[in-house]
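Remarks on the overall topology
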Amino acid sequence: MRIFIGVAWPYANGPIHLGHIVGAYLPADIFARYQRMQGNEVLMVSGSDEHGTPITITAEKEGKSPQEIADRYHKINSEVMEKMGISFDLYFRTSHPHHEEVVKEFFLRLWENGYLYKKKMLLPYCPKCNRFLPDRYVVGTCPYCGYENAHGDQCDNCGRMLDPKDLINPRCAICGTPTEFRETEHIFFALSKLEESILKWIRDKTYWRDNVIKFTRNFVKGGLKDRAITRDLEWGVEVPLDGFDDKRIYVWFDAVIGYLSASIEWAKQNNKDWEVFWKDKNTKHYYFLGKDNIPFHTIIWPAMLMAHGELNLPYNVVANEYLRFSGEKFSKSRGIGVWMPELLENFHPDIIRFYGTVNMPENRDSDFTWDDFVQKVNEELIDKFANFVHRALIFAYRNFGEIPTRGEVDEVDREAIKTITQTLKKMNEYMDNVELKKAFKEWLNLARYGNVYFDRKAPWALCKESREKCATAINISLQIVQALAVLGAPFLPFTSERIWKFLGNEDSIFLHRYTEAIKNLQVGKKLNKPEVLFEKIKREEERYEKWEQIDLRVAEVESVEDHPNEDKLYVLRINLGNEKRTLIAGLKRFYKKEELFGKKIIIIANLEPANFRGVKSEGMLLAGEDDTTVGFLTPQGNVPLGSKVQANGIQSNPKGILKFKKFQKMKMEVVNIEKENGRIVAKGNKDYAIDFKVPEDWIGKQGVVFIDKKPLILHIGDILIAPVKYVKPGGKIR
RNA sequence: AGCGGGGUGGGGUAGCCAGGAAAUCCCGCCGGGCUCAUAACCCGGAGAUCGGUGGUUCAAAUCCACCCCCCGCUACCA
């Protein structure tokens with residue numbers, strides 16, 4: 001059987017992140033590898049989507065050409081795919097001339113078949129930006145659901161496809177100027193003509209995933225409208241008709257054709273036949289993508305293929321939900337998430353693939369957290385699986401050096417063999433159904449079972465008793481190891497390959513069939529010296545390097561004197577509980593002596609001492625200031641003198657004194673602590689999300705944040721540190 | 001507000017669409033075993049009125065209705 005696998009094309013406007021991998025490329029690759037090991041002929045393609053306005057905008061920002069931007073990210077993302085072991089037959093790109101040719105041919109064919117037509121239309125034009133706006137760059141109110149920030153192409157709220165002119169109060173998404181509509185001529189795709197056919201086609205796709213069916217039905221409900229497939233742009237595929245020199249084919253039309261162009265290119269490069277993949281009705285087409293891409297793959301692309309007339313339609317569209325990062329959406333601009341190039345620098349691809357599979361958002365959004373990542377990898381992948389493989393292999397290697405003979409088997413042995421067989425069977429079922437997580441769970445169970453079997457047989461003791469029995473136990477243990485390697489190969493290709501070698505094989509595991517997981521080992525085959533498969537991930541404690549250097553403490557002012565030689569300064573005598581110090585403070589313009597006397601203040605206790613005109617200051621008092629007010633910091637409740645200030649519950653523990661210069665580099669700000677949508681936000685110069693459990697009574701109060709890797713709020717236990725009087729949020733601390 | 005997801009032993013989850021005997025797995029906790037292995041492994045135990053209320057049914061975590069609570073999205077981006 002032949003299987004075509006198309007994976008949504010990542011946009012070449014930035015490096016891809018873990019969400020992309022886990023939501024599309026990894027599941028696709030697992031499926032592809034599995035199908036190949038089932039003996040099917042697989043063609044899997046994807047590539048960089050390099051056209052479209054966002055790239056031109058990035059290019060403008062950086063003063064580069066769109067091609068340069070596309071080149072950069074195409075390279076980066078190709079490397080990511082390669083390193084992750086995503087086994088594309090071709091990872092193509094839409095700016096490739098061959099792709100453009102295919103798009104034009106496709107276009108002309110649709111034109112000839114009567115599915116494209118010219119139409120003069122009024123398009124949104126931003127008088128300020130001086131250009132026609134792409135659909136996505138027009139925002140306004142959705143006519144269907146009333147959502148105010150609907151984009152011109154699609155309402156993100158109700159999911160309906162829109163045309164910019166449907167929007168109420170359209171405005172430019174870039175500058176906010178109300179848009180004008182100017183006349184221009186464009187090519188339309190007669191989607192409406194195909195509505196019936198699409199509905200009919202969808203009807204029997206009951207085996208699709210729930211989310212895909214639901215989303216698609218919902219989408220078609222509103223009726224299919226003809227869509228313009230050209231834009232007033234310069235960056236994109238040219239329109240192969242006269243009079244359209246200043247227009248380009250729109251990305252959504254262009255990018256999906258990539259599946260075809262990449263197939264053709266692959267055939268060309270490898271001297272293969274692409275047509276059997278696209279025209280032979282027995283070839284099944286699978287598409288892997290994130291949920292936002294569903295309508296393009298269940299409606300538009302199929303409609304385009306229908307209009308084309310002789311190409312295969314999708315058999316299954318496998319859409320995943322989103323992977324969130326600590327509960328938030330991945331966001332480049334906010335720096336939330338993990339990006340692949342960086343992740344790959346720190347972790348073995350199979351570790352990423354393991355976690356990606358275990359936490360795959362197959363049916364619902366899932367959440368990435370570092371804690372969970374470390375725990376799952378260490379405890380499930382390494383402790384359970386890798387350790388079992390290693391203990392079995394090293395035992396075999398040391399005691400036999402080859403695959404030992406399987407002698408007479410007992411109950412326990414029979415059960416083990418049965419477990420292997422059943423695992424294969426179950427995994428086959430799940431994999432055929434594209435239920436990757438379930439399949440993988442079976443695999444993990446087998447690894448767990450391996451330990452159980454090994455323990456039950458206790459070969460270390462058995463060997464002393466009977467070498468023959470021990471050999472049998474080890475033979476079967478290695479049988480489990482082999483099964484794990486073969487069955488796990490689609491998921492952890494690199495590791496499976498290694499284990500395969502340890503088992504004494506010379507060739508690649510991928511030359512073998514999935515069913516060989518249960519094949520009897522060749523007795524007497526020399527084993528290779530096993531190595532540890534993975535080092536455990538060290539759980540790195542969160543470190544706040546800046547905060548750790550400063551020692552803030554509570555002190556009480558015992559006396560206030562004028563500085564003898566400098567009339568802006570006070571000389572304070574302060575009590576730190578077990579210690580008294582002299583401090584210089586520049587508060588004379590803002591506070592009278594009696595306003596300071598007896599007050600609790602916050603001082604930097606480990607600041608390098610400094611001389612102010614003959615008086616030595618042993619520390620520094622902290623105050624928040626805006627342009628009119630200075631409010632010294634003070635604990636909002638009773639705390640013992642000398643108490644150490646904490647930040648998000650973290651005690652600083654500075655080793656030495658803090659240089660004044662270093663202190664100057666530290667950022668502290670006055671903030672208003674508020675609760676928004678259930679989370680705590682500290683509003684200063686900007687909104688700081690506080691991920692620290694804050695007592696209810698702090699909400700609505702002022703506080704102080706210390707900016708480290710993330711904003712830390714200052715307190716002592718339940719007592720908040722804040723300016724003694726209201727200072728505008730964002731006020732600096734000095 | 002709209003849309004989407006969720007509320008299952010201390011934490012994180014599976015099961016729910018196709019209702020049925022002991023509710024899954026990981027971590028944690030308690031007790032035991034083992035010492036071959038990456039302080040890894042194995043066994044046993046405590047611990048859940050499956051968010052609430054009402055309904056359908058011989059039978060509901062699972063179906064229906066209503067309610068409560070959480071979270072996400074509504075910025076380029078799977």
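Figured I'd write up the structure that's included with this text. (Residues numbered from 1 in each chain as written. Chains lettered and ligands numbered in written order. Predicted model: local features only at pLDDT ≥ 70, side-chain atom pairs only at ≥ 80, totals over all residues. Heavy atoms only, no water.)

**Considerations on the overall build of chain A**
Rules: Going along the chain from the N terminus, every DSSP run of H or I of four or more residues is numbered as a helix, and every run of E of two or more is numbered as a strand. Under the scheme applied here, a residue whose accessible area is under 20% of the maximum for its type counts as buried, over 50% as exposed, and between as partly exposed, the area being computed with a 1.4 Å probe on protein chains only. A contact between two residues is defined here by any heavy atoms of the two lying within 4.5 Å.
The helix and strand inventory of chain A stands at 19 helices and 35 strands. Seen along its three principal axes, the alpha-carbon backbone of chain A occupies a region of about 95 × 90 × 40 Å. Burial statistics for chain A: of 734 residues in total, 57% are counted as buried. Across chain A, the fraction of contacts at a sequence separation of at least 24, relative to all contacts at a separation of at least 6, is 72%.

**Quick word on the nonpolar core**
Selection rule: Definition used in this section: a nonpolar core is a set of buried Ala, Val, Leu, Ile, Met, Phe, Trp, Tyr and Cys residues joined via side-chain atoms within 4.5 Å.
If you look at the biggest cluster of nonpolar residues, it comprises 102 residues, and the most contacted ones within it are I5, L18, M340, F385 and Y514. Ignoring sequence-local partners within four residues, the contact set of F385 consists of E380, W443, A447, L484, L492, T495, I499 and L533.

**Overview of the sheet that holds strand β24 (residues 620–621)**
Worth spelling out the cut-off: Only strands that DSSP links by at least two bridges are regarded as paired with each other.
Strand order in the open sheet made by the five strands is β20-β19-β18-β21-β24, with antiparallel pairing throughout. Each edge of the open sheet is held by one strand with a lone partner, namely β20 (580–585) and β24. Two elements, strand β18 (residues 552–562) and strand β19 (residues 570–575), share six bridges in a ladder whose sense is antiparallel. Looking at β19, one finds that V557 is bridged to I574.

**Side note on unusual backbone geometry**
Backbone geometry at N271 places phi at a positive 55 degrees, although glycine is not the residue there. With respect to the helices and strands, the residue N271 is situated in the loop between α7 (251–270) and α8 (275–278). Judged by its relative accessible area of 71%, N271 falls in the exposed class. Non-glycine residue V434 carries a positive phi angle of around 55 degrees.

**Description of the sheet that holds strand β12 (residues 237–238)**
Across the sheet, three strands lie side by side as β11-β13-β12; this open sheet has antiparallel pairing. A single partner strand is all that each edge strand has here, and the edge strands are β11 (230–231) and β12. Where β12 and strand β13 (residues 248–249) come together, two bridges link them in antiparallel fashion. Bridging across to β13, E238 finds its partner in R248.

**Some words on helix α5 (residues 195–203)**
What counts here: As used here, the arc is the angular range of directions from the helix axis to the C-beta atoms.
Considered for burial, the residues of α5 that qualify are I198, W201 and I202. Seen end-on, α5 carries its buried residues on one side only, within an arc spanning 95 degrees. Exposed side of α5, more than 90 degrees from the buried face: E196, K200 and R203 are the residues found there.

**A word on the state of the cysteines**
Two cysteines, two sulfur atoms, one covalent bond between them: this is a disulfide. Threshold: In this description, a disulfide is simply a cysteine sulfur pair whose atoms lie within 2.5 Å.
As enumerated under the stated definition, the model contains one disulfide in all. Between the sulfur atoms of C463 and its disulfide partner C470 the distance amounts to 2.2 Å. Across the S-S bond of C463 and C470 the torsion is about -65 degrees, and the bridge reads as left-handed. Of the residues examined, C470 reaches a relative accessible area of 0% and is grouped as buried.

**Quick look at the packing of helix α4 (residues 97–112) against α7**
To keep things clear, this is the line we draw: Angles run from 0 to 180 degrees between N-to-C directions of axes, and those axes are lines fitted to C-alpha atoms, restricted for helices to the stretch in contact. For this classification, under 35 degrees means roughly parallel, over 145 means roughly antiparallel, 65 to 115 means roughly perpendicular, and everything else is oblique. Crossing handedness: left-handed means the near helix sits turned counterclockwise from the far one by under a right angle, and right-handed means the same turn made clockwise.
Contact geometry for α4 and α7: axes closest at 8 Å, N-to-C directions at 120 degrees. Considering the angle they form, α4 stands oblique to α7. In the packing of α4 onto α7, the handedness of the crossing is right-handed. Mapping the contact onto sequence places H98, H99, V102, V103, F106, F107 and L110 in α4 and F253, D254, I257, G258, L260, S261, I264, E265 and K268 in α7.

**A word on the packing of aromatic side chains**
So the rule is basically this: Only centres within 6.5 Å qualify two rings of Phe, Tyr or Trp (six-membered ring in Trp) as a pair; their planes then separate them into stacked at under 30 degrees, edge-to-face at over 60, and tilted for everything else. Two limits define a charge over a ring: the Lys NZ or Arg CZ must be within 6 Å of the ring centre, and within 35 degrees of the ring normal.
Enumeration over the complete set of coordinates arrives at 39 aromatic pairs. Taking 5.0 Å as the distance between ring centres and 85 degrees as the angle between the ring planes, the aromatic pair formed by F368 and W370 counts as edge-to-face. With centroids separated by 6.5 Å and ring planes inclined at 80 degrees, the aromatic side chains of F388 and F454 adopt a geometry described as edge-to-face. Taken together, the residues span a long stretch of sequence, with F388 in helix α12 (residues 370–399) and F454 in helix α14 (residues 436–457) at a distance of 66 residues. Comparing F388 with F454 shows no difference in burial state: the two are buried. Through a chain of ring-to-ring contacts, the aromatic side chains of F4, W9, F106, F107, F189, W252, F253, Y259, W278, Y287, F296 and W301 assemble into a single cluster. Lying across the ring of Y125, R182 places its NZ or CZ 3.7 Å from the centre.

**Here's the deal with the pattern of salt bridges**
Quick reminder of the rule: Whenever a carboxyl oxygen of Asp or Glu lies within 4 Å of a side-chain nitrogen of Lys or Arg, that contact is scored as a salt bridge.
Tallied over the full model, the rule gives 40 salt bridges. Note that D89 and R36 form a salt bridge whose closest N and O atoms lie 3.8 Å from each other. Of this pair, D89 sits in the loop between α3 (66–83) and β3 (90–93) while R36 sits in helix α1 (residues 18–37); the two residues are 53 residues apart in sequence, bridging distant segments of the chain. Exposure remark for R36: the relative accessible area of 28% places this residue in the partly exposed category. One salt bridge connects E411 with R414, and the closest N-O pair in it is separated by 3.2 Å.

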